[in-house]
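Structure assessment
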Amino acid sequence: MKRLATDGPATIADLARAESMKPQSMGTTIAALEEMGMVERKPHPTDGRQVNILLTAKGAAVRKSAGDAKRTWLAQAIGQLDEQERETLFAAGEIIKRLAEK
């Protein structure tokens, strides 16, 4: 769902490649999300043989709600740390960020 929200509509094959999955496995995942109303299928604009998967308004709302809940939980958890623990946490975050950028 994140990839659809970020990159827009995609085929099941495109999503499977991007997530290093088999297309059949991605198809199963998409079918479950479609059944829940999180995504929908639309004809591909240029290739009539393909179908694009799009995030629905419900799917976008669920993503936002989950993201908000995660951020709230993290803020509360960090708020329970003492000053030294927060400094250590933020210093570690900077190191991880630097490693990820290499």
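Refer to the structure above for everything that follows.
Now for a look at the structure at hand.

Rules used in this analysis
- Residues numbered from 1 in each chain as written.
- Predicted model: local features only at pLDDT ≥ 70, side-chain atom pairs only at ≥ 80, totals over all residues.
- Heavy atoms only, no water.
- Helix = DSSP H or I, 4+ residues; strand = E, 2+ residues; numbered from the N terminus.
- Buried < 20%, exposed > 50% of the residue type's maximum accessible area, 1.4 Å probe, protein only.
- Polar contact = N/O pair within 3.5 Å; in protein donor to acceptor, adjacent residues only side chain to side chain.
- Contact = heavy atoms within 4.5 Å.
- Expected span 1.5 Å × (residues − 1).
- Arc of directions from axis to C-beta.
- Core = buried A, V, L, I, M, F, W, Y, C linked by side-chain atoms within 4.5 Å.

1. Examining the side chain of threonine 56
One can find threonine 56 in the loop between β2 (51-55) and α4 (57-79). With relative accessibility at 14%, the residue threonine 56 sits in the buried group. One polar contact links the side chain of threonine 56 to the main-chain amide nitrogen of glycine 59, over a distance of 3.0 Å. Apart from residues no more than four positions distant in its own chain, threonine 56 is found in contact with Gly37, Met38, Val39 and Glu40.

2. What to know about α4
With 23 residues, α4 ought to run about 33 Å at 1.5 Å a step, and its terminal C-alpha atoms sit 33 Å apart, in line with that. Inspection of α4 places Gly59, Gly67 and Ile78 among the buried residues, and these make up the whole buried set. Of the surrounding elements, those touching the buried residues of α4 are β2 and α5 (83-100).

3. Notes on helix α3 (residues 23-35)
The end-to-end C-alpha distance of α3, which contains 13 residues, comes to 18 Å, matching closely the 18 Å that a straight helix rising 1.5 Å per residue would cover. Among the residues of α3, Met26, Gly27, Ile30 and Leu33 are the ones counted as buried. On an axial view of α3, the arc spanned by its buried residues comes to 125°, and they lie on one face. α3 presents Gln24, Thr28 and Glu35 as exposed residues on the side facing more than 90 degrees away from its buried surface. At its buried positions, α3 is contacted by α2 (12-18), β1 (39-43) and β2. Glycine 37 occupies a position one or two residues after α3 and carries a positive phi of about 85°.

4. Looking at the nonpolar core
Judged by nonpolar contacts, Leu4, Ala10, Ile12, Leu15, Ala16, Met26, Ile30, Leu33, Met38, Val39, Ile53 and Leu55 together constitute the single largest core of twelve residues. Every element with two or more residues in this core is listed here: α2, α3 and β2. The residues touching isoleucine 53, leaving out its near neighbours within four places in the chain, are Leu4, Pro9, Ala10, Ile12, Leu15, Ile30, Val39, Glu40 and Arg41.

5. Quick notes on the side chain of threonine 11
On the secondary structure map, threonine 11 appears in the loop between α1 (2-7) and α2. Not counting residues within four places of it along the chain, the set of residues in contact with threonine 11 comprises His44, Gln50, Val51 and Asn52.

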